[in-house]
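# A look at the structure
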Amino acid sequence: MPFAFIITVILSNRYSPTARAGFTFIEALIAISLMGIGVATSLTALLKINSIACMGRNATGAQTFAQNEIDKFLSYSPFNPQKTNLSDGTPQVPKDPNSSPPTYDLTLGTHVYNNVPIYKDPDNGVVVTGTITTVISDVSQSYNGVTIPMYQVLVTVSYNYLNRSYTSTASTVRVSDI
């Protein structure tokens, strides 16, 4: 009888809920692997989202720079391209004679400014620099024999970030002040 009792106890313990309460090594290994894949996927997604946010900040900086150039073009005075300066015969359009390169230059043609800071990251201090190209052209129109002097400006901001090239443009037209 004692032998049968021992076998009965062993068999009943083998299938009892307390005997199956733990995890096997394979189950634990699979659970740890799935958690590792989840953590790696989450980190990858967070890094990609951060990269997209940086690209957005750079694009905002470039568009702001282009808009500032447009604002300069529209605000400097006197802007009278139909008149000429008595001293040198050039059109009366604003140009900064004191700086090289000038801080503003509304003369006809293409003006290129290199290594312009587009955005500076406040956390790590990385500066994204670019090139500002401003093309000013004469688009004057004649109506009933009267010429209306107009200049058009096209501002292009080009920069590189993460080995990709980005461009932002803005354009406007300005009519003579008088």
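Heads up: these notes are all about the structure in this document. Bear in mind the structure is a predicted one, so any value in this text is a computation, not a measurement.

### Side note on unusual backbone geometry
Glycine aside, negative phi is the norm for most residues, and most peptide bonds take the trans geometry. Of note, Asn144 is a non-glycine position whose phi angle comes to about 50°, a positive value. Here Leu162, not a glycine, exhibits a phi torsion of approximately 55°, which is positive.

### Topic: the nonpolar core
Of all hydrophobic cores here, the largest spans 22 residues; its most connected members are Val155 and Val157. For this core, the secondary-structure elements that each account for two or more residues are α2 (25-75), β3 (109-120), β4 (127-138) and β7 (150-161). Those residues in contact with Val157, other than ones at most four positions away along the chain, are Ala62, Ala66, Ile118, Thr131, Ile132, Tyr166, Thr167 and Ser168.

### Quick word on the side chain of Arg174
With respect to the element layout, Arg174 can be found in strand β8 (residues 164-175). Within the structure, Arg174 has its side chain in polar contact with the backbone oxygen of Phe73 (distance 2.6 Å). At 3.1 Å, the side chain of Arg174 forms a polar contact with the side chain of Asp177. Once residues within four sequence positions are removed from consideration, Arg174 is found in contact with Phe73, Leu74, Ser75, Tyr76, Ser77, Phe79, Leu106, Pro149, Met150 and Tyr151.

About the cut-offs
- Residues numbered from 1 in each chain as written.
- Predicted model: local features only at pLDDT ≥ 70, side-chain atom pairs only at ≥ 80, totals over all residues.
- Heavy atoms only, no water.
- Core = buried A, V, L, I, M, F, W, Y, C linked by side-chain atoms within 4.5 Å.
- Buried < 20%, exposed > 50% of the residue type's maximum accessible area, 1.4 Å probe, protein only.
- Helix = DSSP H or I, 4+ residues; strand = E, 2+ residues; numbered from the N terminus.
- Contact = heavy atoms within 4.5 Å.
- Polar contact = N/O pair within 3.5 Å; in protein donor to acceptor, adjacent residues only side chain to side chain.

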